[in-house]
Amino acid sequence: MLYRRLAVALIAGSFMVACANQGVRITGSNAPEAAPSVDIAYTKFTLGNGLTVIVHEDHKAPIVAVNVWYHVGSKNEPAGRSGFAHLYEHLMFTGTQHAPEGFDQLLATIGGTDNNGTTNQDRTEYFENVPKNALDTALWMESERMGFLLPILDQKKLDTQRGVVQNEKRQDENAPYGKVELHVAEATYPAAHPYHHTVIGSMDDLNAASLTDVREWFQTYYGPNNAVLSIAGDVDTADVKKKVELYFGAIPATPPVAHVKEWVAKMSGTQREVLQDRVPASRVYMVWNIPGASSPEEDYLDMLSGVLADGKASRLYKRLVYDDQVASGVEAYVDDHEIGSQFIIVATALPGKPLAKVESDIQDEMAKFLKAGPNPEELAQAKVSEYSGFVRGIERIGGDGGSSDVLAEGEVYEGDPAAYQESLVRIQAASADQLKAEAVKWLSDGVYILDVVPYGDYNVAAKDAPRDTPPVPGAFPQVSFPKQETATLSDGLKVILVHRDGVPLVNLSLVLDAGYASDLDSSPGTARLAMAALSAGTHRRDALQISSQLGDLGAEMGAGSSLDTSGVNLSALKAKLDPALAIFADVILDPTFPDSDVAKLRNQQLAGIQQERKSPVRMGLRVLPRLLYGEGNAYSLPLTGSGYETTVAKLTPADLKRFHDTWFKPNNATLLIVGDTTLAEMKPKLEKLFGGWKAGSVPAKTLKDVALPAASSVYLVDRPGSEQSIILAGNVAPPYGTPDNIAIQTMNTVLGGDFTSRINMNLREDKHWAYGASSLLWSARGQRPFIVYAPVQTDKTGASLAEIRKELTEVVSTRPVTAKELARAKSLGTLTLPGSWETNRAVLESLESQVTYELPTDYWDSYAGKVEGLDLDEVNKAAAEVVHPKQMVWVVVGDRAKIEAEVKALNLGPIHYIDADGNPMPNP
């Protein structure tokens, strides 16, 4: 299988794969010339207790990824214990015998990043990235989790995490289309099948989980003999082997474990179901059961999904969105799992368009494909798409989808860390007849069709390692931001380039001073629609040609807006940079905004607004800015950038062209480049492509400071039947570029910006009323929104509001930031830097911030020193600048009938009733 969960980055070259315990070497030299082999060099060995260890050396950054896979997931759960594997994943973060407080504080002190765990049907994984000097600490931590959890696991920990998981379930199912997964699992797999229930499980089963169950689960599945430890990064393999022996060697094996290896459960005939949900638009799901992730057939079916719906020129997208204009979007993908996978097509109908027509179009296109198979162009593009997607996926060494993850997955599912190579070779050698044959075999019969329709708004053996304390990391590695080169083209366009030759990839970002804030002088939603329509066509290429040509090149291009800027991004393979650059420049300089394409995109944006008005979180982000900034401010529009139905419906191609003509000027832009190229190489190319771009004047955006309100107020948005309440609280705060920004960010880390922050530990870990709660500062060039966010149980709405108010009040009065909290926040702000610029995209994002917020060019080089230099007075002064508990705007989205009385009882301020756009509603 080709690990499709990975789609973020890239590794280059053809490395040798060393299988130390098998005495063989694999080169992957059979890959076709069109797709150079991509090999992740590794050494594999097994400890005496059965722990399989994989080590991959990657010295591009001074960080190490540690990834542990346990071969256990929801498919191992017995009847009546659904959700147990996922619940147990949460318990693994609560502490161990020698680290009773858990690992979040510890990771903060050593610079850990990408720290998380995930559970699916087949496996549970835990992972973190750490600076190279902290590898011992990370290994000690994971060995603690594996060998020393049970001694301090008690009923209180179980009850707390049970509550957290149940709130996660409420949060997921409260979102539009959130109940689909449950219906698909129960309908497509028989009751005895391990995939018949969802990973998160049922409320009843979660309530029934006992401490005895927890202990038995650990003793059955969490032994070293059922695990793979994958380590990747700036390490020496021989040294790693010694450390692993030290920390894991004495952990005893558990009894043998049986694993189901294949159960495809192919369906026959057609099953249909209709689900009413609080959704803005009807949606159809079509699901076929197909072979599991290790099967060659799954590779071919995954390629087929790309032919059907990957890009604007794909069959389903072109038919449903372009030609017949019945859908706002369509996708096809393979949901791959160990013993059986699913081929899924999802399409969302445009408002007023019948779902039957959407399904009919899909069935018609499927029939055509089953009859003729892919054409040569589709087959070629599917191959380059699979290759480039995989290559981008393994630039990162860790986290869910990095190279350590790829190696672990291959070992767990197929007993071979290099199993991905077979998929790469198979895909490049695939023929049109093979894809057609697999489609006929698996997709011509046996389909489950789920129609989701809107529901009305009704009222309703070695020496063990030292255990007493974790190892102290060694000397911290030196970290510096990559060197920047700058130039200005003849037309006035500024260029900033960072050379990185580790991967054959070049990333570009054109940053324009525009963004949602420019909409106030035109019409709300203009920037977003204009950037979406930028690639709808030029005088040289129409939208389908742009999409198809980029696909042929293995390139990715996107355009969009944020609050202050708009931008166009390109990611291109070095070998095909020139033709990709030509398309990039064509789209930037010569968009035509065709009438038909603009109409389609406008309808999609309108459909998106309707969805935002149904989604409780987005609903809050729509209304909060106007309440914070008042009318007439550039920041008063919805933070989603989508605008309002009344304004977007009136937008025309002429409006979008006016936006382009107004803001797309070389003197209003900066081109950022990161990757395998140099300024000397790029400048002539850029002069040729952009040299004729005309400079000109650009209007000033209406940015003005606003005063805090005299007192707090509450705005209630009614969402009948809501399973959770969404709490948003905010006030305006100093801009990103303020000299106090680092102190402000550090203060927010303590208050609500990290997992171990006060707000999250209160509402999630202590009260378990929320799956997560946080505070954030929405980046802005002017006064930015300071926002507290908490999705909470409906019956805990009032109590949660009281706790948030308490935390906000105490941080500026009776409980200021402490020295211990500041030390932890400093660690989070500095020790995480080694992994901050691992990928080209990460470097590009830092450059984008530098340009957008007019930061000095040495900002990132001096960042760590400024964080380390903070003292308590500076941080607590920052709290007083940002947090104003008596002058907050509170927005609560929930079932008014259930929460209104308790909200009123708190006396937070006068209560106003508003709709999903922030417009006043009558008080019955």
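Residues numbered from 1 in each chain as written. Predicted model: local features only at pLDDT ≥ 70, side-chain atom pairs only at ≥ 80, totals over all residues. Heavy atoms only, no water.

J.: Explain the overall build of the protein chain to me, please; I cannot follow it from the model alone.
T.: Looking only at helices and strands, one finds 31 helices and 25 strands in the protein chain. Against the compact-globule benchmark of 29 Å for 924 residues, the protein chain has a radius of gyration of 27 Å, which places it among compact chains. The principal-axis extent of the C-alpha atoms belonging to the protein chain is close to 70 × 70 × 60 Å. Taking all 924 residues of the protein chain together, the buried fraction comes to 62%. Counting only carbon and sulfur atoms, one obtains 52% of the accessible surface of the protein chain, whose full area is about 33,100 Å². Here the protein chain holds 86 positive side-chain charges and 117 negative ones, and the gap between their average locations is 3 Å. (Helix = DSSP H or I, 4+ residues; strand = E, 2+ residues; numbered from the N terminus. Rg over C-alpha atoms; globule rule 2.2 N^0.38 Å. Buried < 20%, exposed > 50% of the residue type's maximum accessible area, 1.4 Å probe, protein only. Areas by Shrake-Rupley, 256 points an atom, 1.4 Å probe, with all protein chains shown as cover. Lys, Arg positive; Asp, Glu negative; His and termini not counted. Charge placed at Lys NZ, Arg CZ, Asp CG, Glu CD.)

J.: Looking at this structure, I do not really get the sheet that holds strand β15 (residues 494–499). What am I missing?
T.: Neighbouring strands of a sheet are bound in pairs by backbone hydrogen bonds; such pairs are parallel or else antiparallel. The strand order across the open sheet built from six strands is β14-β15-β19-β16-β18-β17, with neighbouring strands paired in mixed fashion. Each edge of the sheet is formed by a strand with only one pairing partner; in this case those strands are β14 (485–488) and β17 (556–561). Averaged over all neighbouring strand pairs, the angle between strand axes comes to 15°, with direction disregarded. Judged from the six bridges that link them, β17 and strand β18 (residues 566–573) form a sheet pairing that is antiparallel. From the neighbouring strand, Gly-558 faces β18, where its bridge partner is Asn-569. (Pairing = 2+ DSSP bridges. Axes fitted to C-alpha atoms, helices over the stretch in contact; angles between N-to-C directions.)

J.: Can you help me understand the confidence of the model for the protein chain in this one?
T.: Regions with low pLDDT should not have their predicted coordinates read in detail. On average, the protein chain scores 90 in pLDDT, and the residues at 70 or more come to 95%. Segment residues 1–33 is flagged for pLDDT under 50; beyond a separation of four residues in sequence, or across chains, it makes 120 contacts in the model. (pLDDT = per-residue confidence, 0-100. Contact = heavy atoms within 4.5 Å.)

J.: I would appreciate a short explanation of the side chain of Asp-915 in the present structure.
T.: Mapped onto the elements of the fold, Asp-915 is located in the segment after β25 (911–914). Residues in contact with Asp-915, not counting those within four places in the same chain, are Arg-613, Val-623, Val-717 and Met-921.

J.: Help me understand the pairing of strand β4 (residues 52–57) in this model?
T.: Looking along a regular strand, one sees side chains alternate from face to face of the sheet. Within β4, five of the six residues are buried, which leaves it mostly tucked inside the rest of the structure. As paired elements, strand β3 (residues 43–46) and β4 share four bridges and run antiparallel to each other. What sits directly across from Phe-45, in β4, is Val-53. The hairpin formed by β3 and β4 contains five residues between the paired strands, and Gly-50 there has a positive phi angle of roughly 100°.

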